[in-house]
Each structure stands twice: as C-alpha cells, then as structure tokens.
Amino acid sequence: MSSNLIVQKYGGTSVGSVEKIRGVAKRIKKSRDAGKDVLVVVSAMAGETDKLLNMAHELSDLPERREIDLLLSSGERISSALLSIALHDMGCPAVALTGRQMGLVTDNTHTRARIKEINAGRASDILKKNHVVVCAGFQGVNDMGDVTTLGRGGSDTSAVALAVALKADLCEIYTDVKGVYTADPRMVPNARKLNMVSFEEMLEMASLGAKVLQIRCVEFANNFNMPLVVRSTFDEGDEGTRICQENPDMEQPVVSGVMYDKNQSKITIKGVPDQPGIAAKIFNALAEASISVDMIIQNVSAEGHTDISFTLPNTNLQEAMSIMEKKGKEVQAESVSSDSNISKISVVGAGMRSHSGVAARIFSTLSNNKINIMMISTSEIRVSCVIDSKGTEQAVRALHDEFKLEEEPVQVSQPATDASPTA
Ligand code: ASP
Ligand code: MG
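As the structure is a prediction and not an experimental result, all values here were calculated from the model.

## Comments concerning the packing of helix H10 (residues 358-368) against helix H11 (residues 392-402)
Interaxial distance between H10 and H11 falls to 10 Å at its minimum, and their mutual angle equals 130 degrees. Judged by the angle between their axes, H10 and H11 are oblique. H10 and H11 meet at a crossing whose hand is right-handed. Here Arg361, Ile362, Thr365 and Leu366 of H10 come into contact with H11, specifically with Ala395, Ala398, Leu399 and Glu402. Tallied by class, the residues present in the contact of H10 with H11 amount to five nonpolar, one polar and two charged.

## What about the sheet that holds strand E2 (residues 37-42)?
Taking strand neighbours across the sheet as the criterion, the eight strands line up as E3-E6-E2-E1-E9-E11-E12-E10 in an open arrangement whose pairing is mixed. Both outer strands of the open sheet, strand E3 (94-97) and strand E10 (196-198), are each paired with one neighbouring strand and no more. Here the average twist between neighbouring strands, direction ignored, is 20 degrees. In this structure, E2 lies alongside strand E6 (residues 132-136), joined through four bridges in parallel fashion. Looking at E6, one finds that Leu39 is bridged to Val133. Sheet strands in contact with helix H1 (residues 18-33) are strand E1 (5-10), E2, E6, strand E9 (170-175) and strand E11 (228-232), and its direction is about 170 degrees off that of E1. Where helix H5 (residues 155-165) meets the sheet, its contacts fall on E1, E2, E6, E9 and E11, and the angle it forms with E2 comes to roughly 155 degrees.

The rules behind these values
- Within every chain, residues take consecutive numbers counted from 1 along the sequence as written.
- Labels are handed out in written order, letters beginning with A for the chains and numbers beginning with 1 for the ligands.
- In view of the model being predicted, local features appear only for residues whose pLDDT reaches at least 70, and side-chain atom pairs are presented and counted only at 80 or more, with totals across whole chains, interfaces and linings using the full set of residues.
- Based on all heavy atoms of the structure, the side-chain values leave hydrogens and waters out of the count.
- Only the stretch in contact is used when a helix axis is fitted, and all axes are lines through C-alpha atoms; the angle between N-to-C directions ranges over 0 to 180 degrees.
- Secondary structure elements are defined from DSSP: runs of H or I of at least 4 residues count as helices, runs of E of at least 2 residues count as strands, and each element is numbered from the N terminus.
- Each angle is binned into one of four classes, with values under 35 degrees roughly parallel, values over 145 roughly antiparallel, values of 65 to 115 roughly perpendicular, and all other values oblique.
- By convention, the crossing between two helices is left-handed when the near helix turns anticlockwise from the far helix through less than a right angle, and right-handed when the turn is clockwise.
- The contact rule is simple, with two residues in contact once any of their heavy atoms fall within 4.5 Å.
- Gly is put with the polar residues, along with every residue not named as nonpolar or charged; the nonpolar set is Ala, Val, Leu, Ile, Met, Phe, Trp, Tyr, Cys and Pro, and the charged set is Asp, Glu, Lys and Arg.
- Note: two strands are recorded as paired if DSSP finds a minimum of 2 bridges between them.

Written out as structure tokens, the structure reads:
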C-alpha cells in the first residue's frame, strides 16, 4: 500500500526545550516541503511526566488513577501546542489535537488503557488541507469521555496506532539515540547500531529491557505490519534502524543483540509437597494481584517435596512476597525467600532458529568468566540466563565479544528448507 502520509513521533528529549521544539519544527517542515503529508505525535517535554507524577505522590500515597491520567495528559498537550505554534511561525500550517480530538478511544483501565478504536476523520480532514497534524501522544478518551493514558512510553503506541488508522506508509520514531543497538552502548562501548531488526526480534528485545520502544507499540506494528524506523532527531544523516517483517530471503544473523535487565527479583519457595494443584494455587494468587512472573523453575522432587523459583519485576517484589508468605503457609512450604540482586542476560537472534550451538556458546562464555547461572529460559530466538547482578557488565561484554557483534554480520547462508532439524 502506498500513501503519501508519514507519521513522525518525537520523544521527550527531542522536544525538551523551546529551542529543541524549534529544531523539530524545522525537520517536520522539511518533510512537508518535500511533498509529504505529515502527522506528528509528541511526548511530553523531557522530565515533565515524572515531575507531575512526583507532585501527585507528594499529595497522596495512592493518588486516584483517573486523576493521574488527567494530570499526565497535560504534559503532551503542552508539547503538542508549542510545536504547532513553532510550525505556524515558520509558515507551516499545523493543528494540534488532544487524544479526544483525534478520536483515540480506549477502554477504561486508567494509567494503562488499551486502544479500542480510532475515529481519525478530523485528522484526515486536516491532512487533506495539506496542514500538519500534531497529536498529543500517550492519551485517549474512554466511553464516558474521561481522559485515559496508555502507560509509560505510550506515545510510541499512539504513533503506530495512528499510522495504522490513517494507512501511513511508515512510522518514524525520533529519539536521542541513533537506533537499536547490539547492546546498551553505555555498557558496551563498541556496540553497533543495527540497520534492520525483525518484528519478532524487536518484540523480544523490548520485553527484555531495551527501552527504545514501548513493547505494545511493537506488538501493534507487528499485528498490522506497519514498518517502523527508530532514528535520531539530532543526527539527520543517520538512517536509523528499520523494524519490519522478516523477509524470508533475507539472511538472518544468528545473534542480533545482547540485552540485560537488572530490575528483576527472584522468589524461591522451598519444600512444597509435590502434589497436583500446588503451582496453580501459587500462581493464581499472583495473577489475581496482576503480578506477571517471568521465568519459572521447579526442580526434581526429592522425597515427595519440590522447590519452585520464579522471577518478577523488582517493583512487584514486596507485594508478591506478602502474598507468597501467606500462600506458603497454606501449601505447607518449608520456607519462602527472595533475592533482588539478580539480573537477566539475554541473547536474541532470529537466526538461532536454524543454527544450533548458540546456547552452548553462551553457557561456555559465562563459565569462562566464572559467572554462575541460576536459571535458564529459552524461546525459539532467545536464550536468557539469570545471574548475580554483580556480573552483569562482564557477562554482557563477554557475550557481545563472543558473538562478534561489533562487526557487521558475515552472511551465513540459511540451511535449505528441507534441512533436518538441528539438535
Ligand atoms: N510522557 C509519557 C511518559 O513519559 C509518554 C511517552 O513519553 O511516551 O511515559
Ligand atoms: Mg519513549
């Protein structure tokens, strides 16, 4: 499908000051002067959302989620209005719209609402007049007309949803980094920017702690096959990273990146009776509290008893421990303990599907660095290990070296489609 529309989303650091807003306006004007229809989505100015949240928490330990949404949505209103003013001043006609005005309807889950539909008639009429639309990201409106927000980082999702609704060719995400990297460049100085990443790899990366895109934005883009480009606002020459559907003819690097997540904790329940229904009891209790757990390990039962360990985000640890202490008694567990000094290291690559031996190389690399593995989990295109958080940097750097990620990938040929399964 080809339209003339391009959606550009600018993050908080890109619109962090009046000067930066002027710079962004120039860039938008350039796209429009080149003959494009442009719909822009903006985040709040850098630090604004946190500032507003902190004020709410100074006033109350548990501020009403409905009021939080109204409060936070103001950040994006400010940046969208300022950007539209800057565009006008450059002789580029523009109209700023709030979530309600752009017809973004969500469910009623305040602070992490889901998009139900977009009635983009208004935006589409403005674009037809050859004016730029500047949308306040991160927000929508529920059936009752109350303002909702889409969760932290939600402007990414607004941008993709609008791109899909208006059948844009492309959704560009402008930020303060050049794109998606083989590893966090602050930790691995020779990390390389990737030119291309498949949706499925990006989904893994986003859920593993790569903060460059909100995971729901990637899910949305994948579901509707909307190509995304992540690129720098401040480096016009760099083309960024393109995230799109995997081309079956394209040769996939075995490993694309190494990610880490230090914000994980582990809970261990020791000595529970090895009977049907115990795991169900434990994990139902967590699910009822909307706590999502990640890796789960149950060891081989000895003398009719078993140990269960699982990981979860640090932010949920306290609540989960109080639930587990109660449940532990109920299921007659010997003990319940937790460890928040862990981190999860993951290696991602679509080429893993057709190449064996990646897991073995990861384990050997960690072992050569005397890093102990506490838990392991895998998907078709990922291997994750939980380790003591002290070893995080060493592990990430060693794995980055092991898979030579600083070098442009050597094109390894894909095995023929009838290749026998790798062991
Ligand atoms: N301003 C919101 C946040 O900081 C949404 C966004 O920037 O995408 O989470
Ligand atoms: Mg963001």
